[in-house]
Amino acid sequence: MGKTLAEKILSAKSGKDCVPGDIVTVPVDFVFSHDGTMPLAIQQMEKELGTRKVFDPKKVAGVCDHASPSPSEQVSNVQIFMRKFAKENNMPYFFENGDGICHQIVAEKFSAPGKIIIGGDSHTCTHGALAAFGTGMGSTDVGAIMAYGTTWLRVPEAFKFDINGELPKYVTSKDVFLHIVKEITADGATYMSMEFMGDTVKNMTVESRLVMSNMAIEAGGKVGLCAADEKARQFLAKYGRENEYKPLAADKDAHYANELHVDATKLEPLIAYPHRVDNVKPVSDFAGMELDQVCIGSCTNGRLEDLKVAAEILNGKKVHKDTRLVVYAASRGVMLEAMKAGYIQTLVEAGAAVCPPGCGFCIGRTVALGDGEKVLSTQNRNFKGRMGNNKSEIYLSNVPVAAVSAIYGKVTDPREVL
């Protein structure tokens, strides 16, 4: 019997013929953590392992992104602690305030087909879009990996998502995933390899695939994988890493524990409403709901193609006087490209607050909501209190819906007005 993508990667890395349920020990190609989790990982290295030395300085990275720029002396001291650790270990990869979100940075610089990528953040499943086995772990596990360079994994069962057909206008990969999580629920793929395939996925850019892989954890997935194809090669070539490309796909006769077939032609713009990602309804169900804030960006939808769409919709328009628009590019590289293309100027002229690349609004560390406020955001989570206030409401959407809603100051279906 053939193998799924997860089984192929783990078999190659462990040196054994893996099947679901096997426990395997694998070398880790890259491990990273951020200012929300790395300090604890370092402390666990010291406490449990009696060391502060990393196994390979070139395979360990720290990122200051969750509270960037630092909003408090406590955060500043945490980041100082991280910098000292990086210097002590001669780590060449330490990313500062404004460099961007860890997942985007790792996608641009380190992810590649067949790699094992471990991050101190649940959305490390993002890297499956490049056919890397990317998954998040707790700080204790990350600390052990930073010290030893290996980890253990249980080979996951796989859930096949066969997505076919052309996406309608103003429908994006974000809507594909929101449809999926609505169908299977927020725990429908717990500890499974979510494997996205079909001609819809083949026609997506890697940037769009990253959205689905990023949100795999929102359905409980251990990893969210796409095949490494010509699109993946082009993505790596853009960042000077074409030599890291190798084709990688599941076998046609691979066994899947479950399957979901999606007709992309029938999808429409969707919104996930408070306080669960699987509370999903068509945008039309919320049309006219007034918004206090709209947020475009995050590790889900802060890439160049997202900013391009937002700029095209907002070009020559103004953000509604009763609504705030906040924009965060996913990385410094994305920000620079968007500046060169004129997208940032367009967004600023429209009235957006364009902030330094980072996690920003998504976790409410540098941009928070007030009591009773409603926000429409392109991020990946709408949990109660996620954006810094238990008394606010978070609604999730794709970029076109967010951008046009910022103009009207209320939830608006782009198909009705553009």
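Further up the page is the structure itself.
Undergrad: Tell me what's going on with the sheet that holds strand S3 (residues 60-63), and back it up with residues and numbers.
TA: Here we have five strands laid out as an open sheet, ordered S4-S3-S2-S5-S6, and parallel in their pairing. The open sheet is flanked by strand S4 (94-95) and strand S6 (133-136), the only strands paired with a single partner. Looking at chain direction, strand S2 (residues 30-34) and S3 are connected through four bridges and run parallel. By the bridge assignment, valine 31 is partnered in S3 with valine 60. On top of the sheet, helix H5 (residues 139-148) reaches S2, S3 and strand S5 (116-119); it is set at about 135° to S2, its chief contact.

Undergrad: So, the packing of aromatic side chains: which residues are in play, and what are the values?
TA: This structure, assessed with the given rule, holds nine aromatic pairs. With a centroid separation of 5.7 Å and 70° between ring planes, the pair formed by phenylalanine 286 and tyrosine 395 is classed as edge-to-face. Here tyrosine 395 lies in strand S18 (residues 393-396) and phenylalanine 286 lies in the loop between strand S13 (280-282) and strand S14 (293-297), a separation of 109 residues in the sequence. The two residues phenylalanine 286 and tyrosine 395 agree in class, both being buried. Members of the aromatic cluster, connected to one another through ring pairs, are Phe30, Tyr93, Phe95 and Phe110. Across the ring face of tyrosine 191, the terminal group of arginine 154 is positioned such that the distance to the ring centre comes to 4.1 Å.

Undergrad: Which residues make up unusual backbone geometry, and what values go with them?
TA: Cis geometry marks the peptide bond from serine 68 to proline 69, where omega comes out at -10°. Cis geometry is adopted by the peptide bond preceding histidine 275, which originates at proline 274 and carries an omega value of 0°. Relative to the assigned elements, histidine 275 resides in the loop between strand S12 (270-272) and S13. The phi angle at asparagine 90 is positive, at roughly 55°, despite the residue not being glycine. Looking at the secondary structure, you find asparagine 90 in the loop between helix H3 (73-88) and S4. Residue serine 298 is not a glycine yet carries a positive backbone phi of 85°. Within the element layout of this structure, serine 298 appears in helix H10 (residues 298-301).

Calculation notes
Residues numbered from 1 in each chain as written. Predicted model: local features only at pLDDT ≥ 70, side-chain atom pairs only at ≥ 80, totals over all residues. Heavy atoms only, no water. Pairing = 2+ DSSP bridges. Helix = DSSP H or I, 4+ residues; strand = E, 2+ residues; numbered from the N terminus. Contact = heavy atoms within 4.5 Å. Axes fitted to C-alpha atoms, helices over the stretch in contact; angles between N-to-C directions. Phe/Tyr/Trp six-rings, centres within 6.5 Å; stacked < 30°, edge-to-face > 60°. Buried < 20%, exposed > 50% of the residue type's maximum accessible area, 1.4 Å probe, protein only. Lys NZ or Arg CZ within 6 Å of the ring centre and 35° of its normal.

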